[in-house]
Amino acid sequence: MRVRRAVKAVGDFVIETTGEFVGEAILSLLACALLGCLALAAYLSWSFSPRLTVAGAGLLGLFLAYGAWRTFRDPAKGRPRGLAAVAGGGVGLGPAAAGVRRE
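Residues numbered from 1 in each chain as written. Predicted model: local features only at pLDDT ≥ 70, side-chain atom pairs only at ≥ 80, totals over all residues. Heavy atoms only, no water.

**A short note on the overall build of the protein chain**
Definition in use: Every helix listed is a DSSP run of H or I at least four residues long, and every strand listed is a run of E at least two residues long, numbered separately from the N terminus. Burial classes: relative accessible area under 20% of the type maximum marks a residue as buried, over 50% as exposed, and values in between as partly exposed (1.4 Å probe, protein chains only). To measure how exposed things are, a 1.4 Å probe is used in the Shrake-Rupley method; for residues, cover is taken only from the protein chains shown.
A tally of regular secondary structure across the protein chain gives 3 helices and 0 strands. Out of the 103 residues in the protein chain, the part that is buried amounts to 7%. Split by element, the accessible area of the protein chain, about 8900 Å² in all, is 71% carbon and sulfur.

Shown next, in the form of structure tokens:
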């Protein structure tokens, strides 16, 4: 009886570990594909207009900085609306798309 329980526990552990490994591999491949798409977009944008590329990167940086500021400052009354909500969502979505995990 104890042997069956031990074998079942080891089997469950192996299945769970394998599932986590496969999931991590899929997420890593998706992150690499996203990075490749971003690099391609930056390359094509730079070849079209370097000034617009730098301006767009600056605006994106300001947008994400505003979202981080609104997200991590002292909470105001009520929920954020409009641009603040979108910017906060962008700050939350950035690390998620990059594959960053908190454990």
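**So, the side chain of Thr53**
We apply this condition: Whether two residues are in contact is decided by their heavy atoms, any of which lying within 4.5 Å being enough.
Along the chain, the position of Thr53 falls in helix H2 (residues 50–72). Owing to a relative accessible area of 16%, Thr53 belongs among the buried residues under this scheme. Beyond its immediate sequence surroundings of up to four residues, Thr53 is in contact with Ser45 and Trp46.

**Some points on the confidence of the model for the protein chain**
It should be kept in mind that the predicted coordinates are not to be read in detail where pLDDT is low. We apply this condition: The predictor attaches a confidence to each residue, called pLDDT, with possible values from 0 through 100.
For the protein chain, mean pLDDT is 79; residues scoring 70 or higher make up 82% of the total. Within the protein chain, the element-level pLDDT minimum falls on helix H3 (residues 83–98), averaging 70, and the maximum on helix H1 (residues 2–48), averaging 87.

**Some words on the environment of Leu83**
Considering the arrangement of structural elements, one finds Leu83 in helix H3. Exposure remark for Leu83: the relative accessible area of 52% places this residue in the exposed category. With 20 residues separating them along the chain, Leu83 and Phe63 place their C-alpha atoms 9.2 Å apart. Not counting residues up to four positions away in its chain, the partners in contact with Leu83 are Phe63 and Tyr66.

**Some points on the pattern of salt bridges**
For clarity, the cut-off: Salt bridge, as used here, is a side-chain nitrogen of Lys or Arg placed within 4 Å of a carboxyl oxygen of Asp or Glu.
Under the defined criterion, the tally for this structure stands at 1 salt bridge. Two residues, Lys8 and Asp12, come together in a salt bridge whose shortest N-O distance is 3.6 Å. Residue Lys8 and its partner Asp12 are both found in helix H1; the two are separated by 4 residues, about one turn of the helix. Among the residues examined, Lys8 registers a relative accessible area of 56% and is labelled exposed. Accessibility expressed as a relative area gives 40% for Asp12, which makes it partly exposed.

**Observations regarding a nonpolar patch on the surface**
We apply this condition: Grouping into patches uses exposed residues only, defined as over 30% relative accessible area, and leaves out salt-bridged ones; the cut-off is 9 Å for like charges and 5 Å for nonpolar side chains (Val, Leu, Ile, Met, Phe, Trp, Tyr).
A surface patch of nonpolar side chains, about 520 Å² in accessible area, is lined by Phe21, Val22, Ile26, Leu27 and Leu30. Residue position: Phe21 is located in helix H1. Phe21 gets classed as exposed once you look at its relative accessible area, which sits at 60%.

**Here we look at the packing of H1 against H2**
Formally: Lines are fitted to the C-alpha atoms to define the axes, a helix being fitted only along its stretch in contact, and any angle between axes, read from their N-to-C directions, falls within 0 to 180 degrees. Here roughly perpendicular refers to angles of 65 to 115 degrees, roughly parallel to angles under 35, roughly antiparallel to angles over 145, and oblique to all remaining angles. Side-chain classes are defined by residue name, with Ala, Val, Leu, Ile, Met, Phe, Trp, Tyr, Cys and Pro counting as nonpolar, Asp, Glu, Lys and Arg as charged, and the others, Gly among them, as polar.
H2 packs onto H1 with a crossing angle of 130 degrees between their chain directions and a minimal axis gap of 5 Å. Put simply, H1 runs oblique to H2. Every residue of H2 that contacts H1 at Ser45, Trp46 and Phe48 is listed here: Pro50, Leu52, Thr53 and Val54. Partitioned by chemical class, the residues of the contact of H1 with H2 number 5 nonpolar, 2 polar and no charged.

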